[in-house]
Amino acid sequence: MSGPTRVAIMRIGIVILPDQRWAESQRRWRQVDEWGFDHAWTYDHLGWRDLVDGPWFDSMATLTAAATVTSRIRLGTLVASPNFRHPAAYARQITTVDDVSAGRLLLGLGAGGIGFDSAVLGGETLPPRQRVDRFAEFTELLDLILREDGTTWRGEWFAAVDARNNPGCVQQPRVPFVVAANGPRSMRLVARFGQGWVTTGTGDDNDLAGWWASVSALSARMDRTLDEAGRDPASLDRYLSLDAAPVFSLSSAQFFADQVGRAAELGFTDVVTHWPRASSWYAGDEAILVDVATRLLPQLRG
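Residues numbered from 1 in each chain as written. Predicted model: local features only at pLDDT ≥ 70, side-chain atom pairs only at ≥ 80, totals over all residues. Heavy atoms only, no water.

Examining the packing of aromatic side chains
Okay, step 1: Within this structure, the stated rule accounts for 11 aromatic pairs.
Okay, step 2: Between Tyr43 and Trp48, the aromatic rings sit 5.1 Å apart at their centres with planes inclined by 70°, giving edge-to-face as the arrangement. Residues Tyr43 and Trp48 agree in their burial class; the two are buried.
Okay, step 3: Each ring, one from Trp48 and one from Tyr282, has its centre 6.1 Å from the other, and the planes form 10°; the classification is stacked. With Trp48 in the loop between strand 2 (39–42) and helix 2 (59–69) and Tyr282 in the loop between strand 10 (270–274) and helix 9 (286–300), this residue pair connects regions lying 234 residues apart in the sequence. Comparing Trp48 with Tyr282 shows no difference in burial state: the two are buried. (Phe/Tyr/Trp six-rings, centres within 6.5 Å; stacked < 30°, edge-to-face > 60°. Buried < 20%, exposed > 50% of the residue type's maximum accessible area, 1.4 Å probe, protein only. Helix = DSSP H or I, 4+ residues; strand = E, 2+ residues; numbered from the N terminus.)

Examining the pattern of salt bridges
Okay, step 1: The final tally for this structure, using the stated rule, is 16 salt bridges.
Okay, step 2: With a closest N to O distance of 2.9 Å, Arg147 and Asp143 form a salt bridge. Of this pair, Arg147 and Asp143 both sit in helix 5 (residues 128–147), 4 residues apart, roughly one helical turn.
Okay, step 3: Residue classification places Arg147 among the partly exposed positions, given a relative accessible area of 38%. (Salt bridge = Lys/Arg side-chain N within 4 Å of Asp/Glu carboxyl O.)

Concerning the packing of helix 2 against helix 3 (residues 87–100)
Okay, step 1: The N-to-C vectors of helix 2 and helix 3 enclose an angle of 15°; their axes lie 9 Å apart at closest approach. On the basis of their axis angle, the class for helix 2 and helix 3 is roughly parallel. Note that helix 2 runs across helix 3; the crossing there is left-handed. Note on element contacts: helix 3 touches helix 2 through Tyr90, Gln93, Ile94, Val97 and Val100, opposite Met60, Leu63, Thr64, Ala67 and Thr68. (Axes fitted to C-alpha atoms, helices over the stretch in contact; angles between N-to-C directions. Parallel < 35°, antiparallel > 145°, perpendicular 65-115°, else oblique. Left-handed = near helix turned anticlockwise from the far one by under 90°. Contact = heavy atoms within 4.5 Å.)

Here's the deal with the nonpolar core
Okay, step 1: In terms of nonpolar packing, the biggest core is built from 88 residues, with Phe37 and Leu142 touching the most fellow members.
Okay, step 2: In terms of residue count, the dominant contributor to this core is helix 9 (7 residues). (Core = buried A, V, L, I, M, F, W, Y, C linked by side-chain atoms within 4.5 Å.)

Description of helix 2
Okay, step 1: By the burial criterion, the buried members of helix 2 are Ser59, Met60, Thr62, Leu63, Ala66, Ala67 and Val69.
Okay, step 2: Taken together, the buried residues of helix 2 touch helix 1 (22–35), strand 2, strand 3 (74–80), helix 3 and strand 4 (105–109).
Okay, step 3: The residue sitting at the N-terminus of helix 2 and contributing the capping side-chain oxygen is Asp58; that oxygen lies 3.1 Å from the backbone nitrogen of Met60. (Polar contact = N/O pair within 3.5 Å; in protein donor to acceptor, adjacent residues only side chain to side chain.)

A closer look at the environment of Gly284
Okay, step 1: With respect to the helices and strands, the residue Gly284 is situated in the loop between strand 10 and helix 9.
Okay, step 2: Those residues in contact with Gly284 that lie beyond four places of it in its chain are Phe248, Pro276 and Arg277.

Digging into helix 1
Okay, step 1: In a regular helix each residue adds 1.5 Å, so 14 residues correspond to 20 Å; helix 1 covers 19 Å between its end C-alpha atoms and thus fits that length.
Okay, step 2: Along helix 1, the positions that sit buried rather than exposed are Ser25, Arg28, Trp29, Val32, Asp33 and Trp35.
Okay, step 3: Elements that come into contact with the buried residues of helix 1 comprise strand 1 (11–15), strand 2, helix 2, strand 3 and helix 9. (Expected span 1.5 Å × (residues − 1).)

Considerations on the pairing of strand 2
Successive residues of a regular strand alternate their side chains across the two faces of the sheet.
Okay, step 1: Residues of strand 2 alternate between two faces, with His39 and Trp41 on one and Ala40 and Thr42 on the opposite face, all of them buried.
Okay, step 2: In terms of strand pairing, strand 1 meets strand 2 through 3 bridges, oriented parallel. In the strand pairing of strand 2, Gly13 is matched with His39.
Okay, step 3: Handedness of the crossover joining strand 1 and strand 2 through helix 1 is recorded here as right-handed.
Okay, step 4: Alignment of strand 2 against strand 3, held across 4 bridges, turns out to be parallel. Within strand 3, the residue paired with Trp41 across the bridge is Gly76.
Okay, step 5: For the crossover that starts at strand 2, traverses helix 2 and ends in the parallel strand 3, the hand is right-handed. (Pairing = 2+ DSSP bridges. Right-handed = clockwise from strand over helix to strand, strands pointing away.)

Considerations on the confidence of the model for the chain
Okay, step 1: Per-residue confidence for the chain gives a mean pLDDT of 94; residues scoring 70 or more make up 97%.
Okay, step 2: A low-confidence stretch, residues 1–7 (pLDDT under 50), is modelled with 11 contacts involving residues beyond four sequence positions or located in other chains. (pLDDT = per-residue confidence, 0-100.)

Side note on the sheet that holds strand 2
Okay, step 1: Taken in spatial order, the 8 strands of this closed barrel run 1-2-3-4-7-8-9-10, and their pairing is parallel. Averaged over all pairs of adjacent strands, the angle between their axes in this sheet comes to 25°, without regard to strand direction.
Okay, step 2: Bridging between strand 3 and strand 4 involves 4 bridges; their strand directions are parallel. Considered in strand 4, the bridge of Leu75 is made with Leu105.
Okay, step 3: Against the sheet, helix 6 (residues 184–193) contacts strand 7 (177–180) and strand 8 (196–199), and its axis sits at roughly 170° relative to strand 7.

Right, here's the structure in full:
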């Protein structure tokens with residue numbers, strides 16, 4: 001690059017997929033903490049897309065291990081879903097990771113898609129409306145268990161009898177929920193339960209301009225949803241998964257800076273990229289990540 005790059009002030013996060021043995025993966029978690037990233041995430045799946053046949057590890061065990069080799073960075077799931085989670089059992093795992101990390105856990109939550117996670121347990125694949133119905137109940141019950149000890153509940157999708165949360169979360173009244181939402185019903189869940197909102201945008205896989213137009217429209221929809229709920233927009237952190245776009249955000253340092261700037265213009269407080277992989281999803285050059293982390297990150301974080 002020929003000159004200094006002007007970049008927007010933003011919190012920057014990174015996803016480290018759970019596709020490496022810990023002997024290799026721990027280096028990455030230590031490194032992003034040392035570089036000064038604001039948050040680091042991993043996927044909460046039993047297997048993911050065409051990586052299902054390769055190495056894959058559990059998200060909560062990974063975050064527990066990551067908590068022991070980092071000191072300041074926030075750690076999260078991007079995103080956990082009711083595809084294979086029950087709120088009563090999951091609450092225990094959440095409380096544990098929050099404790100081990102000394103209150104650094106961020107809980108990304110989503111409705112869950114179709115694919116390996118929704119099929120591996122032998123259940124039926126739910127249509128979109130029912131997945132959102134289940135997600136709404138999952139989120140409400142999880143919120144209740146994490147805030148109150150001794151929860152009894154019987155709903156359409158989940159039941160709990162005297163579910164305990166003791167000793168409770170380090171972060172009170174519970175860990176922050178970062179709720180994934182693109183549709184109106186899920187956005188209402190964000191307004192009700194979310195400390196953060198994360199979106200992947202929508203649109204054609206080959207149309208970057210169209211993807212950004214969808215992100216803009218979703219941001220405006222979130223504004224309207226918060227207004228209808230009587231909630232202060234400043235009380236909600238807004239996360240954008242940059243690599244849901246048709247072009248990998250770490251294609252170059254300049255492209256990454258440009259994408260961060262566009263997100264800031266739309267009111268996002270946080271963006272998330274991915275650690276480059278050798279091939280397939282998020283294929284890229286680790287040298288670009290190093291350049292962004294060492295040269296641009298201090299500017300991006302103010």
